[in-house]
Amino acid sequence: SANVREIIKMNGVNRKTQWMEKGMPWFFIVAASISILTTLGIVMTLVVDASKFFVVVPLREIFSTNLAPLRAQNPTFGFVPLLTGTLITSAIAMMVAVPIGLTAAIYLSEYATARKKKVLKPIMELLAGVPTIVYGFFAYSFVTPLLMNLIPTLNAKNALSPGIVMGIMIIPMVTSLSEDAMASVPNVMREGSLALGTTRLETTIFVVIPSAISGIVASFILAISRAVGETMIVVIASGSSKNLTFDVTQSMQTMTAYIVEFTSGDAGSGTVGYYSLYAVGLLLFLFTLGMNLFAQHIARKYREEY
C-alpha cells in the first residue's frame, strides 16, 4: 500500500508539471529559431543594401583591378585587389597553421601521455582566447621588425607579417579539430597495424590520418574561413594599399580592412562608396559560406563510421 501511495503522489506531481512539458518544446523551438532569424536578417541586410550598389556600378567593374573609391571624380570599385590581398594573407596563414597544427595534433593524439595531453592541450587552446587586436599589435611591433632584419626590402606595412600571425592565431583550431578527428579512430586499428610490424609513425601516417582525413580537411577549411574573416590583424599590420600586387613584402588591403576603413567615416551615408561596404560584405559572406559548405561536404563524403 505504501508503494501505491507513492505512485499516486508522483502522479500528482506530474499533473502539476504537465504545462511545463507542453510548453518547453515551444521554448526550445523559439531558442533554436533565433539563430536562423538572425542569419536571415544579416543576409537580407547585405542583399538589400548591396543591390543599391550593383544598380550603380556594373558587374564588370567589380572584377577589374582599379580600386579608387574615394576619388573625387569617377571613383572606381574594382574589388580584385581586395580579393587578392585576402587570399594571399589567408594562404600565408595556412602555410603556418597547417604543418604546425597538424604536427601538434599528431603528438597529442598518438604520442603524448594522458597527463601531458591534459596539460598541453589547454595551454595551446589559450591562443584562441587572445584578442585579435593584441595579435595585430604583436604583428606590427614585434614580427614586422624581426622580419625586416631578415628581409631588408620588407615594408613597415606588408602582407607577410599579418599572414604569419594569423597562422599562429588559428593553430589551436587546426590542432583541436584534427586531434579530435584522430582520437575518434578506434584503437583496434592502431593495434592491428602495430601487430603487423609497423612503427608508430607509420601507423600514424598510413592508418590514423587516412581514417581521420574528413575531420582533418574540415579543420583546414574552417581555419581558412577564420583567416579570411579576420579583421584587426590585417587592419593594423597589412596597410591599406589598393594596388594589385602579389609581392608579400608590400602593403595590401583585404576585404575586412576595406570595410573597417570606410566605416571609420570616409564614406558618407547613402553614397556609392557607402553601399560598396555591403557589396564587399556580401562577397565575403558568400565566400565564407561556400568554404563552410565545402567543409561539410568533405566531412560527409569521407567520414568513416566505426
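Preceding this paragraph is the structure being described.
This is a predicted model, so every value here is computed, not measured. (Residues numbered from 1 in each chain as written. Predicted model: local features only at pLDDT ≥ 70, side-chain atom pairs only at ≥ 80, totals over all residues. Heavy atoms only, no water.)

Asker: Explain the pattern of salt bridges here, please?
Answerer: Pairs can form between side chains of opposite charge whenever their charged atoms are close. For the structure shown, the criterion picks out 6 salt bridges. Residue lysine 121 pairs with glutamate 179 through a salt bridge whose shortest N-O separation is 2.7 Å. Within this pair, whereas lysine 121 is found in helix H5 (residues 114–125), its partner glutamate 179 is found in helix H7 (residues 160–183), the two being separated by 58 residues in sequence. Here the salt bridges share partners, and the residues they tie into one network are Lys117, Lys121, Glu179 and Asp180. (Salt bridge = Lys/Arg side-chain N within 4 Å of Asp/Glu carboxyl O. Helix = DSSP H or I, 4+ residues; strand = E, 2+ residues; numbered from the N terminus.)

Asker: Would you mind showing me how to read the nonpolar core here?
Answerer: Proteins that are soluble and globular tend to have nonpolar side chains buried together. Of all hydrophobic cores here, the largest spans 36 residues; its most connected members are Val165, Ile170, Met182, Ala212, Ile216, Phe220 and Ile233. Counting residues per element, the ones that place at least two in this core are helix H4 (80–111), helix H6 (132–150), H7, helix H9 (200–211), helix H10 (213–228) and helix H11 (232–237). Excluding anything up to four places from it in sequence, isoleucine 233 contacts Thr132, Tyr135, Gly136, Pro162, Val165, Met166, Met169 and Ser238. Val228, Phe262, Tyr275 and Leu284 belong to the second-largest nonpolar core, a separate cluster that totals 20 residues. (Core = buried A, V, L, I, M, F, W, Y, C linked by side-chain atoms within 4.5 Å. Buried < 20%, exposed > 50% of the residue type's maximum accessible area, 1.4 Å probe, protein only. Contact = heavy atoms within 4.5 Å.)

Asker: Which parts of the structure should I look at to understand the packing of aromatic side chains?
Answerer: Each pair of aromatic rings is reported with the distance of its centres and the angle of its planes. Summed over all chains, the structure comprises 8 aromatic pairs. Pairing phenylalanine 53 with phenylalanine 54 gives two aromatic rings, centres 5.5 Å apart and planes at 70°, and the pair type is edge-to-face. On the basis of relative accessibility, which here comes to 1%, the residue phenylalanine 53 falls in the buried class. In textbook terms, an aromatic cluster arises when at least three aromatic residues are bridged by ring pairs, as seen for Phe53, Phe54, Phe77, Phe79 and Tyr258. (Phe/Tyr/Trp six-rings, centres within 6.5 Å; stacked < 30°, edge-to-face > 60°.)

Asker: Please explain the environment of isoleucine 164 as it appears in this structure.
Answerer: Locating isoleucine 164 in the fold gives a position in helix H7. For isoleucine 164, a relative accessible area of 22% puts it in the partly exposed group. Between the C-alpha atom of isoleucine 164 and that of valine 96, which follows or precedes it by 68 residues, the distance is 6.3 Å.

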